[in-house]
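# Close look at the chain arrangement
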Amino acid sequence: MENTTSRSTSRSHTMDPTANAKLHDHNSTNMRSVRQSDTLNSASYSCPEAKVLNSRRKKHLGFAVHSVQASSEPTPQFIQPSKVYYRARYPGTPPYPTRGSRQKQIQLQPSKSEIPKNTSRRDKLKPYVLEPPVQAQRFPKNKCCDVFPWKGNHPEDHVTDAQARNGQYDKLFVGKHNNEQGSARSPLIATLKQRNGLRTLSSLYLTILEKRQSYSAVTATSTFKPPPRVTLPDQKREAWLRDLANPLVPLRRLSRTIPHGLKGPALLEQCAAKNVPTARAVWFVRCVGANELRGLRRKGVGSLAVGGEAKWIKEWTGHVMQFLEKSIGACGTMTDDLWRTKMHYSIRLATHLYAENLLDRMVFLEWYLSFLESSALDVLPLVIVLASTFWEDLLKLRRFSRRLAEVLLAKYEAVIMNNVDQLLMPLIRRLSIMASNLLLCHRESLVGASDGARLQQFLALVDSRFSSTQLCLRNVSLQNNYFDGLMDTPNSASVVSDRRKAVEYLDGIELPFNAHDIHQQLSFLLSAADLVPCVFEWAVTSLRTGQYRIYLGAELLRLASVDGFNIQTSVMEFLGRLDVHTKVNKDDVYLLISELVRTEYFSIAVYLRWLIAKGGLAKISYLDEGCPCYVRLLAEIPIHSASAPLRNLRSILLNECSFDCKAEERSVIESREMLSKRGMFNMPTNMQADRYTGLDRHEMKKISNLTRTAKSELAQWIKESFEDLVTREQTGQYSWRSASVDSRVNTLPVMQIILTRDVLEQLGDIAVLLDIIKLVLVSDDRDVLTLVADTINYNLEAFSVLHPLNDFIQSLYLKYKKLQSQQPVSKEFIASFLDLLTATGSEGSIRQEMISDLAVYSQRNPRATAAHPTVTHSPISEPMDDDIFDDADMENNEIDILWNSTVEVDKQNLSRIFETTVSKMETSFEDTDNQSHILTAARGLTKLRQFDADVFDELSQRWVLGMQSYSNRIPLFRAFSSLIAESCLKLDVLASVALKVLSQHREGLTSAFDGGMFIAMVLQLIIQDDPFRTSLSAKDFYTLKLKRKLFVSASTVELLGLFRDVFELCTISQDDGLNGHILLLMSSDSTLGILRGLAIQKLDLLKAQVIEPLVQTKKPGCLSWLQKFVDNLLDDNDSNGGCHLCVGFVHLTNYLPLPDNSEVDAHVQVARLLDLADDFSISLCKLKMQTILNVDPKVETFGSNDTSLSAGSTIARSFVRGFASASQERRKICTDLITVLSKDCANKIRADVEELFLEWNNFLQTRQLIKQLDLLLVDDHETGESLARAFLSVVEATSSSTQTTVLQFIPSLLVERMVKFIQMISTPDEEAGGVPDLSWRNRDAFSEFRCWFVLFMRLVILHRAGFTQVKSSMIDQARMLAGLCCLLQHEIIRNDEAHFELVLGIASSFCDGLPDDTRFQLKRYAKGKRSPPMSSYLVGSGDGAESLKAIQKGKIVEFSIKPWERLAEPTPGIGENDVSLSLALFRTRRF
C-alpha cells in the first residue's frame, strides 16, 4: 500500500478518523486524534509549540539537536499594545530541521564527566525538543499531528491485521460507572415518538446545558499575584534583562522572579539600553508597579493608602517625562543613528505606557503642553509628532483643548517671525493640518482662546481649500466677542446700519464734490429704493446746514433716475410719510423739488394726479404753512414752464383751499416793477460802487416772503432779462470784448451785477446765479472779476456741485494774465482770487504765483487802497454827503495830506491821529440815527492803516479792549462792522479781545454783565447778517459777509470759546436781559446753521471747547445753559417753543423767554429723546444724553434705592419703555444713546434693569413686567418678545462698562434664577409656572422664549467675573456650571444649534480656571447620573481607567480594572483564575 511505504512517516502522524472523512474512508494513514474544537479555525499556521503529547497524554523525553540558529530580535509594530497578539511565528525563529534518517536525529547525550567543570549551569546542554517536520499537516490553533520517535514499544510499531485493515485508533473506554454505550438512540427513540417527545427532548437539552454551565463555571478563588522581586547580583540581573529582551524566552519563565532595585529612571534606561521589545517592557513596568503599589497598600490605611498610590503614580509619570526630555535633549551628544534609535524607542515606550493607562494622564498632558509651549523651533517638529498620539485626549477636555489652540497660535507666530525657508515648510504644513482640524472639527476649543487679531492669523494658517473655513472662523469670532462682552456695542465692532453709513458718508464729503463718485459709493451701501429717501431727507433735514445739499441731492436723484429708478414715486411717498418727528426744512423741500422740476425729473402732472387720488385736499379748508408738506407743495411748486391746463388745474385746486392765486401773481408783478425801478437792467454807469447800497430791508423781506413758485418765476425772469441785456450789450457798439480797459469806463455797471447777485441769493436760486456768473465771467473789468471771485467764494459749495471749480479758477487765471499784460491789476482782485484759491484747497503753481504777485504789489504800492490803487487820490478823501461834520472833514483832509505826500509817519504821529479820529468817532455815537460820521472815520482809519499796519493793529486792539464796558454799544459795533468791511479791523482781533473778557472779570476789571454783553454782540457781528443795521454799501456788506464766513471756517476754536465764555458770564451775572439776549441769539437760523455744521463735521472740537469745560465747572447755571445749547441744536420743539427767531438787535427788556427743559425730570427728557433719535440726529442726541445726566441732580438715584420714585420714573425704565415700543431699526439707533454714558451711569442703568428682570415675581413673566413699567401694551407673545428685546438692548448697550466692585449677592441670585429657569422649562403647564408649548407649532411662543433666554444668558456672561472675584462664589460657580450642563441635556436646547453653542460657550468660560477640587466634586456629582452632552468635555468623566460591571448579591456592581495588575502570564504556572479581579464575580465559564 502506498501509505505503508514509509513506516517512519506513517508512525509520526496520527489523526482522529472524524477529523478528515476522506482519509478515514481510504484508510491511508494512521493518525492521532485531535480535539474537535480545533477544526473550527483555519489550518495553515506553523506550530510554535516546543512540546507535544501523545495520544495517551504521557510525557516523553526530549532529544537534543546539534545547534539552533540564532534569532534576531523581533520588531513588531503596535497600534494598541493591549490588543496585539502574536499570531505568527517570530521572523527570527529558525526553520524546523528537515527530518532525515532516524540515526541522524537521535544522538546520545554526553555524560556528566564529559561536561567541562568551568561551564556554568546556563551553558550546559539543554534537553532535546522535538520539532515536527515541515511537511506535517497543520490544524487549527497552529496544531499539528503528534510526533513520537521510534522506540519499538509503541502500538504503532507492531503491525497487525486489524491495524492494516482499520488503521490505528483509540478504543472506547468503558468505565465502571459509565453507562453510555456510544449512542442514546435506543432508550430515547420510544419517548421521542410520543406526543410529548419534543418537550422531553427540550428538557434533556436544558438539563445538559445547565450541567455543562455548572461544571464549566469558574469557582476557584483568584490566584493572582504579581511576580515576586528578588535581589539578584549584577551578573544575574543582566542575564535576566537579556532574557527579557529576547522574544524567544517566554514571560512565564521570567515571571518566577524579577530583579529588585530596577524602578523609576533606571528601569526606563535599562529597557532602552537593552532594546527590550515594547510589549515586554510594558509587562516589566507593570510587574514593578504592581509590587510597589501593593507595598504602599500594606503600609497605608484607607485614604492614606489611596493618596500614597496617587503620589507614586505622579512620581512615576514625572520619571517618564524626564526620560523623554532627556532623550530629546540628547540630540547632538551622540551619533544620529544611535540617537534616532533611542528617540524612536523612547517615544514608542511612552506612547504604550500612556495607552495602557500606566501614567497619570492629566499630569502627562499638562507636561506635554508646557513642553510644546517652551520648545524651540529645532525641537518643535519632534514634539509635534507626539501630538498625533495624544490628539484625541487633548481635545476631550476643555482645559487642554483651549491651551492647545493657544500654543499652536503662539508657535505659528514664532515660525512667521523667523525667515520662512524650505526647512520650515514641513513644520508649517503640519501646523496647518492641526489648525484645520481644530477649526473645522473642534472649533469649541478656539472659543476664548485668542482675540480677533490672532484669529485672523489663525485663518492664514488654516488650509484655504476648505470652503467652510471662513464660516467657522466667523462663528468663533462672534462667540469670542459675545463672551467678552463686546457684541453690538458701538465702542467695538458694532454693526452699523447701511443707512447710517450712507448718512455719515454724505456728512463727511469734502470739496470738490463729484456727484458721480458719490452716487457710486452710495449705491454700494444702499439699494435704489433706500437711496432716494435717504438722499432726499439728508438734503432737506433741518439738522444739517448748507444750501449745497439741495443741489447735490438733486444731482444724486437725477443720477438715480438715469439708472432707471422712478424717483418721483419715492419722493411723493416720502412726503406723505413726513410727520412731526421728522425734522425737515420745508423751504429746502420746495427748493429741491423746484430743482427737479426745472430739470424735468419731477412731473407736475403726475404730482397733481397723485394729490387728487390721495385726497390730500379733502380736509384742508385753508392752505397755510402749517399744512402737511405734500399739500403745501401745491402752492410752492414752480409752474412758469408748465402748460396752461396744468396751471389752470393748480389754480382751481388752490382756490378750493382758500389760497389767493391772484395775490401770488400780483406779488410777482410788483417785485418785477420794484427791481426795474431800482435799475436792475438800466442802471447808470456813472454811479460809484462804494456809494450803492442795494435794496433796503423792506424790499428784501418782500422778496423773501414770496412763495417758491413766485421765486422761481422771478428768478427765471431775471435770468432771461439779463441774458437779453448782455446779448444787446455784446452786439452793440461797446461790447465787453471791444471796450476799453479803463476802470472808469464800463459798459455794464458793477452795481447792476451786485443787485442781480443779491436778489438771486435772497431768492435762494443758486442755479440761476451760476448762469449769471458764467455770463459776466467773460468781462475784462477788474471790478467785475473781483465781484465774480467773491461770489464764487461765498457760494463755493453750491457752485462746486453745479459746475467744476477748476473751470472757474482757470477762467479767472486767464483773465488775470490778460489784465496783467495790459496794466497793473488791482490788489483787491489779487486778494479775492487768492482767497478763492485758499478756500478750494489749491496748492498749485497758481496760488504760489498769486502770493508772489501780491507781495510785489504791496512793495511797489505801499499806500495803495484796496479799492482803487491806481488813482492819485483815494475815494475815501472825496467829499461825502452834506451832513458830514467839519471836524471829520478836517480829519480826513489831514490824513489825505499825509497820504498824498511821501513823508513817512512815525509811530507817535500815527498814534496821535488814531486817537483823535476814534475820539471824534466816539463822540458821534450819541447820534444813533446818523451813521455818516462812523463811515467817514472808518474810511479815514482805513487809509491811516496803510502807513504802518503793525502799529495800527496794535492801536486798534488796545482801543477795542478799552471799549468793553462802553454803554452805547450799538454805534460802537456799527463802527466795528464798518472797520471790518473796510479791512481796517480784523475779526480775529475782535475775537481775541472778547476771549480775554472772562479773565478780566475774574481779575475784577469788568463786570459780568458788561463782559457778557460785549461777547454776545461780538457773536452777533460774526454770525448774523447785519444785526446792528449798519449803513454800508452793497459791496462792503457782501465783503463783511464773506469775511464772517471765512472766519467761521478758519477760527472754529475761537468761535466756540466765545460761546463757552458767554455761558459762564451769564451764569455769574444772572441778569435777565443778558440771558434773553443770548437765548435769542442761540435761536436764530444763522447761529443754528453754523453750530449744527460744527456739531456734524467737528463734533470732537465742540465737545472739547464747549461741552466738557462747562461740565467740569459743575455749576448748575452752566449746566443749564449747556442743556439749552444742545436743545437748540437738536431742534426739539418742546425745548425751544418750535420757533427759530431770525433776530437783529432787540432791546434787552423786551424779549420772549424760551421754554427751559432744565427743570424737567431726567427720565421724561430721556423718553422724549428716544422719540427724536434717528440716523440724522443721533450725534446730537448723544450730546443731549450727556447733558441730561450731567444736569439732572436726581440722576444719581436710579430708582433702585429711592422709594419716593414710582416704578416708571427712572432713566433705565425709560429706556426699556422706549425700546419696547420702538421698531427694530429705531432700537439700534437708540442703543447708541447709552454708549455715550459714563461707566458709572451705565452701570447704574444696567443694575436697575437687572434688578427689575431678576426679581422673583418678574422673572420671565411678561404680564408682571408690563405692569411694573406702566406700558399700554397687550399681554401676548409679540409684546413679550418686544419687551425682552428692549431689556436685551439696554443690557447690550451697557455691557462695555465694567464694574469695579462686584456685588456678592449677584452670583447666588443668578444661580437661583438658573434653578428656576430649569424648573420652568421642565414644567409643561404654563399655569403651573412653566413655559408654554415651545414646539414648532407655536412659533410666537418660541420666539419670545428665545429672547428671554438670550437675555438671561447675557446676564450670566456679564457677571462671569463675579463668580471668581468673590471667595464665597466658588460654590456658586460650580452650581452654575452644573446648571448649564443640565441645560445642555434639555431637549429645547439640544434642538436649537444656536442655543446649544451659546450654552456650551458660557459653560466653557465657567470651566476655565475651575480648581481641581471643584472639578472633582462635579465629577462625583455627575457619577451615576445620565451624563449630559459635552459634560465630559467640560469637567472630565474620570481618570481614564476602565471598569467592569458584575453581579454581587443580586446587584450590579462596578469594579474598576487596575491597569497595573493587568499582567499577562504573571505566574510560572497557568491557573484557572489567575487575574487580579476574580472571574467568579462575572460568572465566567470555561470553554
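Let me begin by describing the structure that accompanies this report. (Residues numbered from 1 in each chain as written. Predicted model: local features only at pLDDT ≥ 70, side-chain atom pairs only at ≥ 80, totals over all residues. Heavy atoms only, no water.)

Now for the overall build of the chain. Counting secondary structure elements, the chain contains 67 helices and six strands. Burial statistics for the chain: of 1487 residues in total, 48% are counted as buried. Considering only residue pairs separated by 6 or more positions, the chain has 75% of its internal contacts joining residues 24 or more positions apart. A total accessible area of about 74600 Å² is found for the chain, and carbon and sulfur atoms account for 51% of it. (Helix = DSSP H or I, 4+ residues; strand = E, 2+ residues; numbered from the N terminus. Buried < 20%, exposed > 50% of the residue type's maximum accessible area, 1.4 Å probe, protein only. Contact = heavy atoms within 4.5 Å. Areas by Shrake-Rupley, 256 points an atom, 1.4 Å probe, with all protein chains shown as cover.)

The subject of this paragraph is the pattern of salt bridges. Taken as a whole and judged by the stated rule, the model has 51 salt bridges. As a salt-bridge pair, Glu-292 and Lys-263 come within 3.7 Å of each other at their nearest N and O atoms. Taken together, the residues span a long stretch of sequence, with Glu-292 in helix H10 (residues 278–299) and Lys-263 in the loop between strand E4 (258–259) and helix H9 (265–274) at a distance of 29 residues. On the accessibility criterion, Lys-263 (44% relative accessible area) is partly exposed. The residue Asp-1061 makes a salt bridge to Arg-1060 at a minimum N-O spacing of 3.6 Å. (Salt bridge = Lys/Arg side-chain N within 4 Å of Asp/Glu carboxyl O.)

For the rest of this paragraph, the subject is the packing of aromatic side chains. Applying the stated criterion across every chain, the model contains 38 aromatic pairs. An angle of 55 degrees between the planes, with centres 5.4 Å apart, marks the rings of Tyr-794 and Tyr-1038 as tilted. Within this pair, whereas Tyr-794 is found in helix H33 (residues 782–794), its partner Tyr-1038 is found in helix H46 (residues 1034–1050), the two being separated by 244 residues in sequence. On the basis of relative accessibility, which here comes to 23%, the residue Tyr-794 falls in the partly exposed class. Taken together, a centroid distance of 5.6 Å and an interplanar angle of 5 degrees make the contact between Phe-1253 and Trp-1348 stacked. You can see Phe-1253 sitting in helix H57 (residues 1239–1254) and its partner Trp-1348 sitting in helix H61 (residues 1339–1358), a full 95 residues away along the chain. For Phe-1253, a relative accessible area of 1% translates into the label buried. With relative accessibility at 4%, the residue Trp-1348 sits in the buried group. Through pairs of rings, three or more aromatic residues link up here, namely Phe-1253, Phe-1259, Phe-1287, Phe-1317, Phe-1345, Trp-1348, Phe-1349 and Phe-1352. (Phe/Tyr/Trp six-rings, centres within 6.5 Å; stacked < 30°, edge-to-face > 60°.)

Our next topic: the packing of helix H14 (residues 380–396) against helix H15 (residues 398–417). Between H14 and H15, the shortest axis-to-axis distance is 10 Å and the interhelical angle comes to 150 degrees. Judged on the interaxial angle alone, H15 and H14 are roughly antiparallel. The handedness of the crossing between H14 and H15 comes out as left-handed. Residue-level contacts link Leu-380, Trp-391, Asp-393, Leu-394, Leu-395 and Lys-396 of H14 to Arg-398, Phe-400, Ser-401, Leu-404 and Lys-411 of H15. Residues belonging to the contact of H14 with H15 are distributed by class as follows: six nonpolar, one polar and four charged. (Axes fitted to C-alpha atoms, helices over the stretch in contact; angles between N-to-C directions. Parallel < 35°, antiparallel > 145°, perpendicular 65-115°, else oblique. Left-handed = near helix turned anticlockwise from the far one by under 90°. Nonpolar A, V, L, I, M, F, W, Y, C, P; charged D, E, K, R; others polar.)

Turning our attention to the side chain of Arg-650. Along the chain, Arg-650 turns up in helix H27 (residues 644–656). A relative accessible area of 2% means that Arg-650 is categorised as buried.

Glancing now at the environment of Arg-558. Looking at the secondary structure, you find Arg-558 in helix H22 (residues 548–562). Through-space distance from the C-alpha of Arg-558 to that of Val-532 is 9.9 Å; in sequence the pair is 26 residues apart. For Arg-558, the residues in contact, after removing those within four places along its chain, are Glu-595, Leu-596, Thr-599 and Tyr-601.

Another aspect to go through is the environment of Leu-1094. Within the secondary structure layout, Leu-1094 lies in helix H49 (residues 1085–1097). Its relative accessible area of 7% is what places Leu-1094 among the buried residues. For Leu-1094, the contacting residues outside a window of four places in its chain are Thr-1052, Leu-1055, Leu-1056 and Leu-1099.

Every buried residue of helix H43 (residues 987–995) is listed here: Leu-987, Val-989, Leu-990, Ala-991, Val-993 and Ala-994. Where the residues of H43 are buried, they touch helix H41 (949–962), helix H42 (969–981), helix H44 (997–1002), helix H45 (1008–1023), H46 and helix H47 (1052–1069).

By size, the foremost hydrophobic cluster in this structure holds 173 residues, and its most contacted members are Phe-1215 and Phe-1287. Residue contacts for Phe-1287: discarding those within four places in its chain leaves Val-1216, Val-1249, Leu-1252, Phe-1253, Leu-1265, Leu-1269, Trp-1348 and Leu-1351. Val-540, Leu-617, Val-768 and Leu-819 belong to the second-largest nonpolar core, a separate cluster that totals 128 residues. (Core = buried A, V, L, I, M, F, W, Y, C linked by side-chain atoms within 4.5 Å.)

With that out of the way, let us pick up the side chain of Asp-1036. Summarising the element assignment, Asp-1036 is placed in helix H46. A polar atom in the side chain of Asp-1036 sits 3.1 Å from the side chain of Ser-1033. When residues no more than four places from it in sequence are discounted, the contact partners of Asp-1036 are Ala-981 and Glu-982. (Polar contact = N/O pair within 3.5 Å; in protein donor to acceptor, adjacent residues only side chain to side chain.)

Residue Pro-512 is bonded to the preceding Leu-511 through a cis peptide linkage, with omega at -10 degrees. Its place among the elements puts Pro-512 in the loop between helix H19 (498–508) and helix H20 (515–525). One non-glycine residue, Lys-1114, lies in the positive phi region at around 55 degrees. Taking the relative accessible area as the measure of exposure, Lys-1114 reaches 69% and is therefore exposed.

By the secondary structure assignment, Thr-1414 is in helix H66 (residues 1412–1422). Judged by relative accessible area, which is 7%, Thr-1414 ranks as buried. Distance in space between the C-alpha atoms of Thr-1414 and Val-1435 is 9.3 Å, their sequence separation being 21 residues.

Function cannot be read off these values alone, since they describe shape.
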